[in-house]
Amino acid sequence: MKNARIVAIEYHLPGEILDTARLSAEHPGWNADKLDQASGIRQRRIAAAGECASDLAVAAAEKLFATGLLHREEVDFLLFCTQSPDFLVPTTACLIQHRLGLPSSCGAVDYSLGHSGYVYGLGLAAGLIASGQANTLLLLTGETYSRYIHPEDKSSRVIFGDAGTATLIRATDEAGTMGPFVYGTDGSGAENIMVPAGGARLPRTQATALAQTDENGNTRSENDLRMKGAEVFSFTLAAVPASVQQLLERAGCEMSEIDAFVFHQSNRYILEHLRKKCGIPREKFLVALEECGNTVSNSIPLALKLCRERGQLMPDQLLALVGYGAGFSWGAALVRW
Amino acid sequence: MDKAAFLAEMAELLELDSSALRLEDKLEDLENWNSMAMIGYLALADSASGKKLSPRQIRECETIADLAQLAGIG
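Residues numbered from 1 in each chain as written. Chains lettered and ligands numbered in written order. Predicted model: local features only at pLDDT ≥ 70, side-chain atom pairs only at ≥ 80, totals over all residues. Heavy atoms only, no water.

Asks: What should I look at first to understand the pairing of strand β5 (residues 107-111) of chain A in this one?
Replies: Each regular strand shows side chains that alternate between the opposite faces of the sheet. Residues and elements named next belong to chain A. As paired strands, strand β4 (residues 77-81) and β5 are joined by 5 bridges and run parallel to one another. Note that in β5 the partner of L78 across the bridge is A108. With respect to chirality, the unit in which β4 leads through helix α4 (residues 92-100) into the neighbouring parallel β5 is right-handed. (Pairing = 2+ DSSP bridges. Helix = DSSP H or I, 4+ residues; strand = E, 2+ residues; numbered from the N terminus. Right-handed = clockwise from strand over helix to strand, strands pointing away.)

Here you go:
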């Protein structure tokens, strides 16, 4: 049986910068300095009008091709994780197959997950390779949550940034390159990170477009993203340490054998609490969100690549990845990259 | 963590001088008791007792003393 291996990761960030100074100028009452100090986010990158999540992912994929590590005709499967598809129909991955000039023998599928999406994508890729269905996969993530955020919603606007990433995954005979995996789902928490209107359950109407201000001073309509911070944090406190524990048990390894932990980059305050709660040494816990914010399913591959560029990660290290968020959905995996 | 330490931590979360916060203070009267402070309280309670709390339980609290009791302090 073949195993899956991450060969390379590339990313693309949109050009517009929403930094602390701009937030402070636009919203003097928000105390953006203090918020950004706590979250560790100094700027977010925002997609331009008309720039889609797929555009960001395609730009990242083109960077992968430019490395010369793979040829377009080699790709036999394309996975695209997004909650910002180009159209309701058809599948955005099909459009990306065409744009990237991938062969027509290539399978292509979208899947909708938020902050846990990258770990699930690795799991799907590992399964496709282990079952002999694919050898060379592109796992793309792309997200433009900024489109879903009301400009007066402090709770989300200070956190989220847009991004796209591309990961090349190949079949290998080597052992221990990807897995085990741990997954979890609690749909009872669905409403805590949600865009209520715009899908089949609640189509957009004039009524859903009416903005209201909540008790914390955040303004949004049902067409916009809402995130209930306390509920999300409470879920995270339960799910993340347990999934780290399960992952180590399933792998039969000690924490000391892991070279680095890369969690979904939610915000520094929450990450630091989770690090302490899990008992992970500071030097093994990577944080990379200062320049891009919380980029949803992009955050883990983005952090992996940024940390490699900064020299905080070396090739062939054993890494524990943990994604958690909208759904509620979470997943953890070991990878050697 | 004892009640004095809890009060000091809560005062910091609420951006108050530690002598200005009392156990009997009502949450609705505290200007900075908001969603950010609630996240801070969740982290504090988690560190202090590891007890799993739901935001609904927190919203049912009326005073700082209720929060201390919910966190299993004192």
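Having seen it, we continue.
Asks: Help me understand the sheet that holds strand β13 (residues 260-263) of chain A, please; the structure alone is not making it clear to me.
Replies: By way of backbone hydrogen bonds, the strands of a sheet pair with one another, either parallel or antiparallel. All names here are of chain A. Taken in spatial order, the 4 strands make up an open sheet running β8-β15-β14-β13, and their pairing is mixed. The outermost strands of the open sheet, each flanked by one partner alone, are β8 (178-185) and β13. When the angles between neighbouring strand axes are averaged without regard to direction, this sheet yields 15 degrees. Each of β8, β13, β14 (318-325) and β15 (329-336) touches helix α7 (residues 229-251); the most contacted strand, β15, lies at about 35 degrees to it. (Axes fitted to C-alpha atoms, helices over the stretch in contact; angles between N-to-C directions. Contact = heavy atoms within 4.5 Å.)

Asks: How should I be thinking about the domain arrangement of chain A in this particular structure?
Replies: Accessible area lost on assembly of the parts is the figure often given for the size of an interface. All names here are of chain A. When cut into domains, chain A gives domain 1 (3-175) and domain 2 (179-336). The centre of domain 1, based on its C-alpha atoms, is set 15 Å off from the matching centre of domain 2. Counting residues at the interface gives 47 residues for domain 1 and 51 residues for domain 2. Taken together, both faces of the contact between domain 1 and domain 2 bury some 4000 Å²; the carbon and sulfur share is 59%. When the buried area of domain 1 at its contact with domain 2 is split by residue, Y11, H115 and V119 rank highest and sum to 18% of it. At the junction of domain 1 with domain 2, the criterion picks out 4 salt bridges. Close ionic contact of D316 with R5 constitutes a salt bridge, the shortest N to O distance being 2.3 Å. Run the count over domain 1 and domain 2 and you get 27 residue pairs in polar contact (both at pLDDT 80 or more). Counting residues per element, the ones that place at least two in the side of domain 1 that touches domain 2 are β1 (3-12), α2 (32-39), β3 (43-46), α5 (117-130), β6 (136-143), α6 (154-157) and β7 (163-172). Per-element tally for the side of domain 1 that touches domain 2: the top contributor is α5, with 7 residues. (Domains from an automatic or database assignment. Buried area = accessible area lost by both parts, 1.4 Å probe. Salt bridge = Lys/Arg side-chain N within 4 Å of Asp/Glu carboxyl O. Polar contact = N/O pair within 3.5 Å; in protein donor to acceptor, adjacent residues only side chain to side chain.)

Asks: In this structure, what is going on with the nonpolar core? I would like to understand it.
Replies: In this structure, F263(A), M10(B), W33(B), Y41(B), I64(B) and L67(B) are the most contacted members of the largest nonpolar core, which totals 75 residues. Both domains that meet at this core, namely domain 1 (3-175) and domain 2 (179-336) of chain A, each give it at least three residues. Apart from residues no more than four positions distant in its own chain, L67(B) is found in contact with F6(B), M10(B), L27(B), W33(B), Y41(B), I58(B) and C61(B). L79(A), C81(A), F181(A) and V262(A) belong to the second-largest nonpolar core, a separate cluster that totals 42 residues. (Core = buried A, V, L, I, M, F, W, Y, C linked by side-chain atoms within 4.5 Å. Buried < 20%, exposed > 50% of the residue type's maximum accessible area, 1.4 Å probe, protein only.)

Asks: Is there a simple way to think about the interface of chain A and chain B in this case?
Replies: Contact residues are listed per partner, giving 13 residues for chain A and 16 residues for chain B. Summed over both sides, the interface between chain A and chain B buries roughly 1200 Å², with carbon and sulfur atoms accounting for 58% of that surface. For the pair chain A and chain B, the interface holds 3 salt bridges. In this structure, the salt-bridge partner of D46(B) is K277(A), at a minimum N-O distance of 2.7 Å.

Asks: What should I look at first to understand the sheet that holds β7(A) in this one?
Replies: All names here are of chain A. Ordered by their spatial adjacency, 5 strands build an open sheet running β1-β7-β6-β4-β5, and the pairing between neighbours is mixed. The open sheet has two free edges, formed respectively by β1 and β5, since each of these has just one partner strand. For this sheet, the mean inter-axis angle between neighbouring strands, taken without regard to orientation, is 20 degrees. In the sheet, β1 pairs with β7 via 9 bridges, with the strands oriented antiparallel. Its bridge partner lying in β7, A8 is registered against L168. In the packing of α4 onto the sheet, the strands contacted are β4, β5 and β6, and the crossing angle to β4 comes to about 125 degrees.

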